[in-house]
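Residue strings, one per chain:
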Amino acid sequence: MIALGCDHGGINLKNAVINYLKENNIEYKDFGCYSEESVDYPVFAYKVATAVADGEAELGILCCGTGIGISMAANKVKGIRAAVVSDEFCAEMTRRHNNANILCMGGRVIDEEKAVKLASIFLNTVFEGGRHQKRVDMITDIENGSFKL
Ligand code: RB5
């Protein structure tokens, strides 16, 4: 299951991604928001990030105006590696190398067509592991306060 969330600045991208998921029979849960009325992006970041961290969702997609604020909030939840992406190369590499579990995009940065393309790359790319696993483990150690130089 893919967890989706957005604020008013990202609702256009989230709706485009929902159409893509529906067309491809990919299960998803939409955690809101559901209109263009101004809302606070940390609320939706928290809902999606906890769904991913708790294992309710395999991966998440979050959209705000830039993708930045919503990623900052999501990354405060333990176990979350949320990446702001606006090009195809980074959408692929953040899965392959960083094992990102939430894709963040900005509705005032990219258009709907690009968002669907990036979401499809993100959802269809697997983590390489190997030497990258060690680095991702180091991120987890920083998060847990157990990182040693
Ligand atoms: C909301 O106006 C805007 O600040 C938000 O969508 C996002 O861009 C924050 O990073």
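Everything below is about the structure printed above this text.
In this report, the structure presented in the accompanying data block is examined. (Residues numbered from 1 in each chain as written. Predicted model: local features only at pLDDT ≥ 70, side-chain atom pairs only at ≥ 80, totals over all residues. Heavy atoms only, no water.)

Section: the packing of helix H1 (residues 11-23) against helix H5 (residues 112-123)
For the pair H1 and H5, the least separation of the axes is 9 Å and the interaxial angle reads 55°. Regarding the angle of H1 to H5, the classification is oblique. The way H1 lies across H5 gives a crossing that is right-handed. On H5, the residues that touch Asn-12, Leu-13, Ala-16, Val-17, Tyr-20 and Leu-21 of H1 are Glu-112, Ala-115, Val-116, Ala-119, Ser-120 and Leu-123. (Axes fitted to C-alpha atoms, helices over the stretch in contact; angles between N-to-C directions. Helix = DSSP H or I, 4+ residues; strand = E, 2+ residues; numbered from the N terminus. Parallel < 35°, antiparallel > 145°, perpendicular 65-115°, else oblique. Left-handed = near helix turned anticlockwise from the far one by under 90°. Contact = heavy atoms within 4.5 Å.)

Digging into the pairing of strand S5 (residues 102-106)
On a regular strand, one side chain projects to one face of the sheet and the next to the other, so that they alternate. Burial runs high along S5: five of the five residues are buried. Residues Ile-102, Cys-104 and Gly-106 of S5 are buried on one face, and the alternating residues Leu-103 and Met-105, pointing to the opposite face, are buried as well. Judged from the five bridges that link them, strand S3 (residues 59-64) and S5 form a sheet pairing that is parallel. The residue bridging Gly-60 from the neighbouring strand is Ile-102, located in S5. Bridge count for strand S4 (residues 82-84) against S5 is three bridges, and the pairing is parallel. Within the sheet, the bridge partner assigned to Val-84 lies in S5 and is Cys-104. One crossover worth recording links S4 to the parallel S5 by way of helix H4 (residues 88-96), and it is right-handed. (Buried < 20%, exposed > 50% of the residue type's maximum accessible area, 1.4 Å probe, protein only. Pairing = 2+ DSSP bridges. Right-handed = clockwise from strand over helix to strand, strands pointing away.)

Things to note about the environment of Arg-135
Along the chain, the position of Arg-135 falls in helix H6 (residues 131-144). Residue classification places Arg-135 among the partly exposed positions, given a relative accessible area of 48%. When the C-alpha atoms of Arg-135 and Asn-98 are compared, they prove to be 8.0 Å apart, with 37 residues separating the residues in sequence.

Some thoughts on the packing of aromatic side chains
With the rule as written, the count across this model stands at zero aromatic pairs. We note Arg-95 situated over the ring of Phe-122; from NZ or CZ to the ring centre the distance is 5.8 Å. (Phe/Tyr/Trp six-rings, centres within 6.5 Å; stacked < 30°, edge-to-face > 60°. Lys NZ or Arg CZ within 6 Å of the ring centre and 35° of its normal.)

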